[in-house]
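Each chain is listed here by its residues.
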Amino acid sequence: MEYTGERVIIEKMNPTNTMLLEHIARYTFAKDYATGRVLDLACGSGYGTKMLAKGKRSSVSEVVGVDISEEAIVYANKTYYHPKVSYIEGNATDQTLPHLLGSFDTIVSFETLEHFEDEEVFLHNVYTCLRPGGTLIISTPFGQGRDLPTQEPFHVHQLTEEEFLHLFPQYETTFYYQKGVLIEPKKENKRYPIGIALCKKPPQAVR
């Protein structure tokens with residue numbers, strides 16, 4: 001699979017590559033919250049999906065990696081096999097996705113929001129797939145805001161911090177921020193390029 005500068009392919013990247021280290025840090029962060037049946041939505045090459053399966057083997061029953069790229073799914077199946085992992089080609093904004101995938105206790109989706117003009121369908125799919133009491137972990141880079149240009153060729157736009165903070169009213173949410181490999185609660189007078197939402201779906205919520 002060709003390295004495009006957007007998709008993380010560990011075997012074709014310098015181990016000190018900043019983007020690679022940031023991605024690994026996010027999956028390392030997510031491992032502590034992964035339980036039960038786990039969905040890695042927009043899983044890319046699959047290295048993080050396998051990390052989730054290996055990281056908490058006693059509490060994770062299954063991990064499903066989904067990506068829109070057939071090439072990525074073929075690569076993931078070949079390179080990152082794990083007995084608890086399956087890789088499936090699928091579109092995160094396909095309204096039939098919840099029916100096709102079923103429900104999950106944990107959903108992870110990193111660097112996905114910035115690829116959609118309207119994230120409403122994506123967020124609806126995630127909410128529908130997540131079981132009551134389940135956990136969603138989602139990240140995105142900050143930028144000029146919705147519908148405004150970005151220097152990243154694969155991004156439709158990049159949300160502002162305020163736009164990101166208002167995406168999850170139906171969850172109990174704690175926000176974290178990332179700069180390099182460091183992920184932490186926000187500190188005053190410190191600028192962060194990436195936001196991470198740790199969302200808990202209320203136990204009484206209806207799918």
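Look up a bit, the structure's there.
Residues numbered from 1 in each chain as written. Predicted model: local features only at pLDDT ≥ 70, side-chain atom pairs only at ≥ 80, totals over all residues. Heavy atoms only, no water.

> Please clarify how helix α2 (residues 47-55) should be interpreted in this entry.
Each α-helix turn comprises 3.6 residues. Residues three or four places apart therefore point the same way. Turning to α2, its buried residues number three or more, namely Tyr-47, Gly-48, Thr-49, Met-51, Leu-52 and Ala-53. For α2, the elements touching its buried residues are α1 (18-31), β1 (36-41), β2 (60-67), β3 (85-89) and β4 (104-110). (Buried < 20%, exposed > 50% of the residue type's maximum accessible area, 1.4 Å probe, protein only. Helix = DSSP H or I, 4+ residues; strand = E, 2+ residues; numbered from the N terminus. Contact = heavy atoms within 4.5 Å.)

> What am I meant to see in α1 here?
With 14 residues, α1 extends 20 Å between its outermost C-alpha atoms, agreeing within 8% with the 20 Å of an ideal straight helix rising 1.5 Å per residue. Of the positions making up α1, those classed as buried are Leu-20, Glu-22, His-23, Ala-25, Arg-26, Tyr-27, Phe-29 and Ala-30. (Expected span 1.5 Å × (residues − 1).)

> Looking at this model, I keep getting lost on the nonpolar core. Mind explaining?
Grouped burial of nonpolar side chains is what soluble globular proteins tend to show. Judged by nonpolar contacts, the single largest core of 30 residues is most densely connected at Phe-122, Leu-136 and Phe-168. Broken down by secondary-structure element, the contributors of at least two residues to this core are β1, β2, α4 (97-101), β4, α5 (120-129), β5 (130-141) and β8 (194-200). When residues in this core are grouped by element, the largest group, five residues, is from α5. Among residues more than four places away in sequence, those in contact with Phe-122 are Leu-41, Ala-92, Thr-93, Ser-109, Thr-112, Leu-113, Phe-116 and Ile-138. (Core = buried A, V, L, I, M, F, W, Y, C linked by side-chain atoms within 4.5 Å.)

> What exactly am I supposed to notice about the environment of Asp-147 here?
Mapping Asp-147 onto the fold places it in the loop between β5 and α6 (161-165). Judged by relative accessible area, Asp-147 falls into the exposed class, the value being 62%. Linking Asp-147 and Gln-158, residues 11 residues apart in sequence, is a C-alpha distance of 8.3 Å.

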